[in-house]
Amino acid sequence: EAGVAQSPRYKIIEKRQSVAFWCNPISGHATLYWYQQILGQGPKLLIQFQNNGVVDDSQLPKDRFSAERLKGVDSTLKIQPAKLEDSAVYLCASSFGPADRETQYFGPGTRLLVL
Amino acid sequence: DAKTTQPNSMESNEEEPVHLPCNHSTISGTDYIHWYRQLPSQGPEYVIHGLTSNVNNRMASLAIAEDRKSSTLILHRATLRDAAVYYCSLNTGFQKLVFGTGTRLLVSP
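A. Just the nonpolar core, in detail. Residue and element names in this part refer to chain A. One finds Phe 21, Trp 34, Leu 77, Ile 79, Tyr 90 and Leu 112 to be the most contacted residues of the largest nonpolar core, which totals 21 residues. Only β3 (19-24), β4 (31-37), β5 (44-50), β8 (75-79), β9 (88-95) and β11 (110-114) provide two or more residues apiece to this core. Every residue in contact with Phe 21, bar those within four places of it in the chain, is listed here: Ser 7, Pro 8, Trp 34, Ser 75, Thr 76, Leu 77, Ile 79, Tyr 90, Thr 110 and Leu 112.

In structure tokens, the structure reads:
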């Protein structure tokens, strides 16, 4: 079974530029998550999708971050404009459903450096 | 958000058991306890989860205190490949995982 795919793996941009990350979840997984992981910290949930609808985006900085999941499969996360403090690893995860006992499967992440 | 507290780091020798503690004193009755681990340059990997009873799987065991305010992840025989950051997290409903800062496990040969 193929895992969660993310691209690119690394990205370096200058502040005020825009950047986009792509995620392809495990086939059949209805729930998709984007996390931000700052160096030395645990992952922090940014947004959660159930199929193509948003379940939770309470920690997404909506003035600069946006995400979409068209057709309930792939997803993109965009930052525009980027700030220095956005330097982090952006992790995508998926799970079969939203139940409390479901396992989340994580991709390898995209490491973003904002200069 | 529900909070977990873990030691920053722990050390073990290869083939010895490892007990990784986690405090979650603000846990509510319906919160599941999940453990994930993260190897360098990889995304987190599921280890084990539980609600009230102790749990075992091929990777580890999870011991949950009777009052559910703490839990312990047990690796029965540590290997060098178990060196990672271990996160204790609470599933606070509708699959929202809240991660702490994790414990970095160092395994010596």
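B. View of the pairing of strand β4 (residues 45-50) of chain B. Residues and elements named next belong to chain B. By the bridge criterion, five bridges tie strand β3 (residues 32-38) to β4 in an arrangement that is antiparallel. Paired with Trp 35 across the two strands is Ile 48, which belongs to β4. Hairpin connection from β3 to β4: six residues lie between these consecutive antiparallel strands, with Ser 41 at a positive phi of about 60°.

C. Broad picture of the packing of aromatic side chains. For the structure shown, the criterion picks out 10 aromatic pairs over all chains. Relative to Phe 106 of chain A, the ring of Tyr 35 of chain A has its centre 5.3 Å away and its plane inclined at 40°; by these criteria the two rings are tilted. Taken together, the residues Tyr 35 of chain A in strand β4 and Phe 106 of chain A in strand β10 (residues 105-106) connect sequence positions 71 residues apart. Each member of the pair, Tyr 35 of chain A as well as Phe 106 of chain A, carries the same accessibility label: buried. Taking 5.8 Å as the distance between ring centres and 75° as the angle between the ring planes, the aromatic pair formed by Tyr 36 of chain B and Tyr 46 of chain B counts as edge-to-face. With a gap of 10 residues between them, Tyr 36 of chain B in strand β3 and Tyr 46 of chain B in strand β4 connect regions that are remote in the sequence. Three or more aromatic residues link up through ring pairs in this structure, and these residues are Tyr 33, Tyr 35 and Phe 106 of chain A together with Tyr 36, Tyr 46, Tyr 87 and Phe 99 of chain B.

D. Expanded view of the pattern of salt bridges. Residues and elements named next belong to chain B. Taken as a whole and assessed by the stated rule, the structure comprises five salt bridges over all chains. Salt-bridge contacts for Arg 37 lead to Asp 82; the nearest nitrogen and oxygen are separated by 2.9 Å. Separated by 45 residues along the polypeptide, Arg 37 in strand β3 and Asp 82 in the loop between β7 (70-75) and β8 (84-91) bring together distant segments of the chain. Classification of Asp 82 by relative accessible area gives buried; the value is 13%.

E. Seen up close, the sheet that holds β3 of chain A. Residue and element names in this part refer to chain A. Taken in spatial order, the four strands make up an open sheet running β1-β3-β8-β7, and their pairing is antiparallel. Every other strand in the sheet has two partners, leaving β1 (5-7) and β7 (65-68) as the edge strands with one partner each. Taken pair by pair, the neighbouring strands of this sheet meet at an average axis angle of 15°, ignoring direction. Judged from the three bridges that link them, β1 and β3 form a sheet pairing that is antiparallel. Looking across to β3, one finds that Ser 7 is bridged to Trp 22.

F. Structural detail: the state of the cysteines. All names here are of chain B. Taken as a whole, this structure holds two disulfides over all chains when the rule is applied. For Cys 22, the disulfide goes to Cys 88, at an S-S distance of 2.1 Å. Note on the Cys 22 and Cys 88 pair: the S-S dihedral is about -80°, so by sign convention the disulfide is left-handed. Here Cys 88 lies in strand β8 and Cys 22 lies in strand β2 (residues 18-23), a separation of 66 residues in the sequence. Of the two residues examined, Cys 22 and Cys 88, each falls in the buried class.

G. Examining the interface of chain A and chain B more closely. Contacts between chain A and chain B engage 27 residues on the former and 22 residues on the latter. Both faces combined, the contact of chain A with chain B buries some 1,900 Å², and carbon together with sulfur accounts for 49% of it. Across the contact surface, chain A and chain B share zero salt bridges. Across the contact surface, chain A and chain B share four residue pairs in polar contact (both at pLDDT 80 or more). Going through the elements one at a time, β4, β5, β6 (53-56) and β9 of chain A are the ones with two or more residues in the side of chain A that touches chain B. The class makeup of the residues in the side of chain A that touches chain B is 10 nonpolar, 11 polar and six charged.

Rules used throughout
Residues numbered from 1 in each chain as written. Chains lettered and ligands numbered in written order. Predicted model: local features only at pLDDT ≥ 70, side-chain atom pairs only at ≥ 80, totals over all residues. Heavy atoms only, no water. Core = buried A, V, L, I, M, F, W, Y, C linked by side-chain atoms within 4.5 Å. Buried < 20%, exposed > 50% of the residue type's maximum accessible area, 1.4 Å probe, protein only. Helix = DSSP H or I, 4+ residues; strand = E, 2+ residues; numbered from the N terminus. Contact = heavy atoms within 4.5 Å. Pairing = 2+ DSSP bridges. Phe/Tyr/Trp six-rings, centres within 6.5 Å; stacked < 30°, edge-to-face > 60°. Salt bridge = Lys/Arg side-chain N within 4 Å of Asp/Glu carboxyl O. Axes fitted to C-alpha atoms, helices over the stretch in contact; angles between N-to-C directions. Disulfide = S-S within 2.5 Å. Buried area = accessible area lost by both parts, 1.4 Å probe. Polar contact = N/O pair within 3.5 Å; in protein donor to acceptor, adjacent residues only side chain to side chain. Nonpolar A, V, L, I, M, F, W, Y, C, P; charged D, E, K, R; others polar.

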